[in-house]
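Survey of secondary and tertiary structure
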Amino acid sequence: MKQFVCIRCPRGCRVQIDETTLETTGNSCPRGAEYAKDELTNPTRTLTSTVIVENAVIRRCPVKTDRPIPKPIVEDAAKALDGMKIEAPVRTGQILVEHFMGTEANLVATRTIGKREDA
Amino acid sequence: MKEYYELIVIGGGPAGLAAAISAKENGLNDILILERDQVLGGILNQCIHNGFGLHHFKEELTGPEYAERFIRELDGTGIDVMTDTMVLEITKDRTVCAVSPKYGYLTLKAGAVILAMGCRERTRGAISIPGTRPAGILTAGAAQRFVNIEGYMVGKRVVILGSGDIGLIMARRMTLEGAKVLACVEVMPYSGGLMRNIVQCLEDFGIPLYLSHTITDIRGKRRVEGVTVSKVDENRRPIPGTEIEFDCDTVLLSVGLIPENELSRQAGIPIDPRTNGPMVDESLQTQVPGIFACGNVLHVHDLVDYVSDEAARAGAAAAAFVKNGAANEGYRLVKTADNVGYTVPQKIAKDAQQVQIFFRVRRIFEESVIEVRSGETLLAKFKRTHMAPGEMERIALPKVLLDKAGDEITISAKEA
Ligand code: SF4
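Everything quoted here is computed from the prediction, not taken from an experiment.

Scoring rules and cut-offs
- Residues numbered from 1 in each chain as written.
- Chains lettered and ligands numbered in written order.
- Predicted model: local features only at pLDDT ≥ 70, side-chain atom pairs only at ≥ 80, totals over all residues.
- Heavy atoms only, no water.
- Helix = DSSP H or I, 4+ residues; strand = E, 2+ residues; numbered from the N terminus.
- Rg over C-alpha atoms; globule rule 2.2 N^0.38 Å.
- Buried < 20%, exposed > 50% of the residue type's maximum accessible area, 1.4 Å probe, protein only.
- Contact = heavy atoms within 4.5 Å.
- Areas by Shrake-Rupley, 256 points an atom, 1.4 Å probe, with all protein chains shown as cover.
- Lys, Arg positive; Asp, Glu negative; His and termini not counted.
- Charge placed at Lys NZ, Arg CZ, Asp CG, Glu CD.
- Phe/Tyr/Trp six-rings, centres within 6.5 Å; stacked < 30°, edge-to-face > 60°.
- Pairing = 2+ DSSP bridges.
- Axes fitted to C-alpha atoms, helices over the stretch in contact; angles between N-to-C directions.
- Domains from an automatic or database assignment.
- Buried area = accessible area lost by both parts, 1.4 Å probe.
- Salt bridge = Lys/Arg side-chain N within 4 Å of Asp/Glu carboxyl O.
- Polar contact = N/O pair within 3.5 Å; in protein donor to acceptor, adjacent residues only side chain to side chain.
- Nonpolar A, V, L, I, M, F, W, Y, C, P; charged D, E, K, R; others polar.

1. Let's talk about the overall build of chain B
A tally of regular secondary structure across chain B gives 9 helices and 29 strands. For 416 residues, the compact-globule formula gives about 22 Å, and the C-alpha radius of gyration of chain B, at 22 Å, lands near that figure. Dimensions along the principal axes, computed over C-alpha positions, put chain B at roughly 65 × 60 × 40 Å. Here chain B holds 416 residues, and the buried ones make up 57% of them. Long-range contacts, defined as pairs at least 24 residues apart, comprise 62% of the intrachain contacts of chain B with a sequence gap of at least 6. Surface accessibility of chain B: about 17,200 Å² in total, with carbon and sulfur atoms responsible for 51%. When the 47 basic and 53 acidic side-chain charges of chain B are each reduced to a single mean position, those positions are 3 Å apart.

Quick look at the structure:
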């Protein structure tokens with residue numbers, strides 16, 4: 001048995017799930033069963049962070065994975081961004097790294113940043 | 001340089017943007033947004049995590065993306081924007097004085113004013129922690145700005161006081177940037193943050209949450225060297241003998257937000273001591289005709305989506321005021337009773353149509369019921385399976401129901 005706090009709604013049910021049968025208890029609705037199953041078998045998270053942006057008026061560009069990536073690689077993925085540099089201009093949604101960390105996800109910019117006038 | 005606008009919006013964060021766009025959609029053409037930062041978007045620019053927009057756009061966006069959607073909507077609307085412009089004073093007759101490096105000192109008149117200045121963080125002084133006064137103690141929001149916008153790390157070993165959402169978000173952010181977050185310490189027996197953030201920002205990284213605990217000492221001469229954390233009793237007094245020591249170089253405070261109402265107070269706009277925001281009617285008009293308020297300057301919200309919705313209502317109401325002037329046949333007061341901390345609005349015009357009332361409960365409820373009464377008469381009941389102080393509640397009262405009420409209605413909550 002494993003327990004997860006369901007976060008699909010604010011109620012926060014404590015859902016117990018059996019690791020072999022995937023049967024759940026404690027969820028007040030079917031979404032809780034689905035959540036516990038996902039968390040047990042394939043937990044994923046969207047990574048958000050920043051990278052250095054050059055030739056811009058601000059120093060950091062916020063980024064995200066455009067779809068959730070496996071939870072176990074989130075910390076390594078964040079480390080992989082250390083020291084990464086991009087150049088302005090950049091626009092929201094622009095792909096910075098395709099197949100980030102070998103996943104289906106791309107790393108994309110989440111802010112439109114113009115080029116500094118004197119740059 | 002224009003000196004008169006139909007509407008001046010003070011603040012270009014999520015509330016100000018949505019209010020201005022809505023006023024335009026409701027027929028005003030002559031709108032100005034005043035923003036003290038160099039860019040629009042307000043606090044959303046530093047909230048780089050995702051989870052915004054699930055209600056409003058039906059998709060999950062980061063803060064900057066959410067802001068950009070609204071900023072792009074401004075294009076082509078003819079709404080004027082002055083950034084880097086600090087409002088110094090507003091008056092009851094809707095004169096707005098501001099200063100900007102580009103235009104100097106400005107005196108503007110408006111047909112209506114919308115207050116959308118947002119809120120600021122409670123600081124250490126506001127809760128007076130014992131101990132020394134070294135460097136390394138900052139609010140979670142200040143840390144968020146340093147890390148996400150300026151690109152500076154603020155510490156290596158971190159203890160977070162308070163479990164508000166910004167503190168939880170920063171626990172994850174600091175961890176991913178390589179810091180060790182030792183603990184999140186909350187004086188109340190429950191967290192003030194969203195469950196989703198407890199799970200994804202603390203539990204995901206094995207960061208312990210100490211409920212009913214607080215920091216009772218901060219050590220360090222120049223830089224924080226450590227803190228003492230103690231358990232508290234039901235009166236929030238530290239219990240001797242329960243001390244835990246942490247060696248840390250940084251303390252982040254996430255101990256609440258306060259609507260930023262210096263300008264409103266100065267203008268003589270009555271403030272509700274429970275929300276720290278202006279008292280408003282159902283159209284979000286303050287006690288001063290023609291001045292409206294929305295977003296976190298009115299009451300602290302937990303979701304930006306609700307800020308946008310509220311601001312859109314304020315924009316529509318301000319447009320109606322400019323076109324039709326003030327008109328109503330008196331008000332009903334909205335009062336609070338058992339377990340309800342405040343309501344917005346605090347009064348409702350007697351000729352109002354359907355009205356939405358927002359409030360927060362004072363403690364956690366499971367199966368429960370919200371009651372709306374007028375005197376002894378029970379007007380309406382709303383069932384809930386879960387309520388918590390960290391989650392804003394909303395009920396809608398139709399006109400037929402309001403017409404049955406006397407001069408007051410009272411909102412209360414109890415176990416079902
Ligand atoms: S199980 Fe259903 S009711 Fe319970 S928290 Fe999850 S979504 Fe909400």
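2. Looking at the packing of aromatic side chains
All names here are of chain B. According to the stated counting rule, one finds 5 aromatic pairs over all chains in the structure shown. Aromatic side chains phenylalanine 57 and phenylalanine 70 sit 5.8 Å apart centroid to centroid with 65 degrees between the ring planes, which places their arrangement in the edge-to-face category. Here phenylalanine 57 is found in the loop between β3 (50-52) and β4 (61-62), whereas its partner phenylalanine 70 is found in helix α2 (residues 63-74), with 13 residues between them in sequence. Ring centres 6.0 Å apart and planes at 70 degrees place the aromatic pair tyrosine 210 and phenylalanine 246 in the edge-to-face group. In this pair, tyrosine 210 is assigned in strand β13 (residues 209-211) and phenylalanine 246 in strand β16 (residues 244-246), connecting sequence segments 36 residues apart.

3. Quick notes on the sheet that holds β13 of chain B
Strand-to-strand pairing in sheets goes through backbone hydrogen bonds, with the strands running parallel or antiparallel. All names here are of chain B. Read from one edge to the other, the open sheet built from 5 strands follows the order β10-β17-β11-β12-β13, with strand pairing classed as parallel. Each edge of the open sheet carries a strand with a single partner, namely β10 (137-139) and β13. When strand polarity is set aside, the average angle formed by the axes of neighbouring strands in this sheet is 20 degrees. Judged from the 4 bridges that link them, strand β11 (residues 157-161) and strand β17 (residues 250-253) form a sheet pairing that is parallel. Residue pairing across strands places valine 158 opposite threonine 250, the latter belonging to β17. Lying over the sheet, helix α4 (residues 140-150) contacts β10 and β17, oriented at roughly 90 degrees with respect to β10.

4. As for the domain arrangement of chain A
Split by domain assignment, chain A resolves into domain 1 (2-42) and domain 2 (48-109). Inter-centroid distance (C-alpha atoms) of domain 1 of chain A to domain 2 of chain A is 31 Å.

5. Some words on the interface of chain B and chain A
Chain B puts 29 residues into the contact, and the matching count from chain A is 26 residues. For the pair chain B and chain A, the summed buried surface comes to about 2,500 Å²; carbon and sulfur atoms form 51% of the total. Inspection of the region where chain B meets chain A yields 3 salt bridges. Here arginine 45 of chain A ties to aspartate 204 of chain B by a salt bridge, and the two come within 2.5 Å at their closest N and O atoms. For the pair chain B and chain A, the interface holds 10 residue pairs in polar contact (both at pLDDT 80 or more). Elements represented by at least two residues in the side of chain B that touches chain A include exactly α2, α4, α5 (165-176) and α6 (195-202) of chain B. Here the residues of the side of chain B that touches chain A are counted per class, giving 10 nonpolar, 9 polar and 10 charged.

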